[in-house]
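# What the coordinates show
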Amino acid sequence: MSTVLITGATSGLGRYVAFELVRAGHRVLAHGRDAGRTERLVDELRAEGDAEGFVADLASLAQVRELGTRVAAARPDLDVLINNAGVGAGSPGSGREVSADGHELRLAVNYLAPVALTRALLPVLRENTPARIVNVGSAGQEPLDPDDPELTRRYSGTSAYCRSKFALAAHTFTLAEELAGTGVAVNVLHPATYMDTGMVREAGVAPWNSVADGAPGVLALATGESGTGGYFDGTRPARAHEAAYDPRVRERLAAVTEHLLTM
């Protein structure tokens, strides 16, 4: 059985997946932003199996990196990372928000945080192969503008969200190439469309699917054999935005990413 870190585990899809994993006998490391909610979740998970909680605000890169350090020290047997936590498009008409580091919030939480956390945990994952990294993305993807990655001009919450998910997909493909042959698989998926979650309701959208509909794809990538470098729509292999496969686009994204992570 695996030791699985899942970010954003206190609600929505993350919570559902955490319970599915712990009931299947896996050790679940449940991340949450709020200490009280995380503690309550872990108490519930422990009634079903083995669980441990970790608290961090993914809008702070310092806290993201510190989370990686704590998890690596506490659970050197970690072999699955599910980057699930995310910020949605926001309520209709809401304005641009920034993270603790001054980055556009959706880019920070949906993209920079998973990149930084993955980097912090890669040494441990490489020691526990076969290991898996699952990036929870979205079918909503829009190429990032390398000249304005923080979307300071003509801001739209929906555009910011879609750009962050495009970046996550493109990064996944690059990382998969870098990790080829190491025993660490990395994939990205769109779990289901407009699941019944807080971020969907906040956006004023009537849900189309339940979180139970989105879970099978995540669970398959976390526990099954699905190769590496893939994009999935639920459990089905699919295609991300075509620009996410363009080597030149990914090279520019990598340069922008390095700059943003070291600002």
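Here goes a summary of the coordinates provided. (Residues numbered from 1 in each chain as written. Predicted model: local features only at pLDDT ≥ 70, side-chain atom pairs only at ≥ 80, totals over all residues. Heavy atoms only, no water.)

## Quick word on the overall build of the protein
A count of helices and strands for the protein gives eight helices and eight strands. With respect to the three principal axes, the spread of C-alpha positions in the protein is 50 × 40 × 35 Å. Within the protein, buried positions represent 52% of all 263 residues. Carbon and sulfur atoms form 49% of the exposed surface of the protein, whose accessible area is close to 11200 Å². Separation between the mean location of the 25 positive side-chain charges and that of the 32 negative ones in the protein comes to 2 Å. (Helix = DSSP H or I, 4+ residues; strand = E, 2+ residues; numbered from the N terminus. Buried < 20%, exposed > 50% of the residue type's maximum accessible area, 1.4 Å probe, protein only. Areas by Shrake-Rupley, 256 points an atom, 1.4 Å probe, with all protein chains shown as cover. Lys, Arg positive; Asp, Glu negative; His and termini not counted. Charge placed at Lys NZ, Arg CZ, Asp CG, Glu CD.)

## Some words on the pattern of salt bridges
Taken as a whole and assessed by the stated rule, the structure comprises 17 salt bridges. Notably, a salt bridge pairs E20 with R23, separated by 3.8 Å at the nearest N-O pair. Taken together, the residues span about one helical turn, with E20 and R23 both in helix 1 (residues 12–23) at a distance of three residues. Classification of E20 as partly exposed rests on a relative accessible area of 29%. With a shortest N-O distance of 3.4 Å, R23 and E48 are connected by a salt bridge. You can see R23 sitting in helix 1 and its partner E48 sitting in the loop between helix 2 (35–46) and strand 3 (51–55), a full 25 residues away along the chain. For E48, a relative accessible area of 40% translates into the label partly exposed. Here the salt bridges share partners, and the residues they tie into one network are E20, R23 and E48. (Salt bridge = Lys/Arg side-chain N within 4 Å of Asp/Glu carboxyl O.)

## What to know about helix 4 (residues 105–127)
Over its 23 residues, helix 4 runs 32 Å from end to end, which matches the ideal 33 Å to within 8%, given 1.5 Å per residue. L121 marks where helix 4 bends most, by close to 50 degrees; the proline P123 follows one to four residues later. At the N-terminal end of helix 4, a side-chain oxygen is found 3.1 Å from the backbone nitrogen of R106, two or three residues along, and the residue is E104. (Expected span 1.5 Å × (residues − 1). Bend = angle between axes of the 7 residues up to and from the residue. Polar contact = N/O pair within 3.5 Å; in protein donor to acceptor, adjacent residues only side chain to side chain.)

## Notes on the pairing of strand 6 (residues 184–190)
Looking along a regular strand, one sees side chains alternate from face to face of the sheet. Taking burial as the measure, the seven residues of strand 6 include seven buried ones, the bulk of the element. Here six bridges tie strand 5 (residues 131–136) to strand 6, and the two strands are oriented parallel to one another. By the bridge assignment, N135 is partnered in strand 6 with V188. In this fold, the crossover linking strand 5 to strand 6 by way of helix 5 (residues 157–178) has right-handed handedness. Looking at chain direction, strand 6 and strand 7 (residues 231–233) are connected through three bridges and run parallel. Residue pairing across strands places V188 opposite Y231, the latter belonging to strand 7. (Pairing = 2+ DSSP bridges. Right-handed = clockwise from strand over helix to strand, strands pointing away.)

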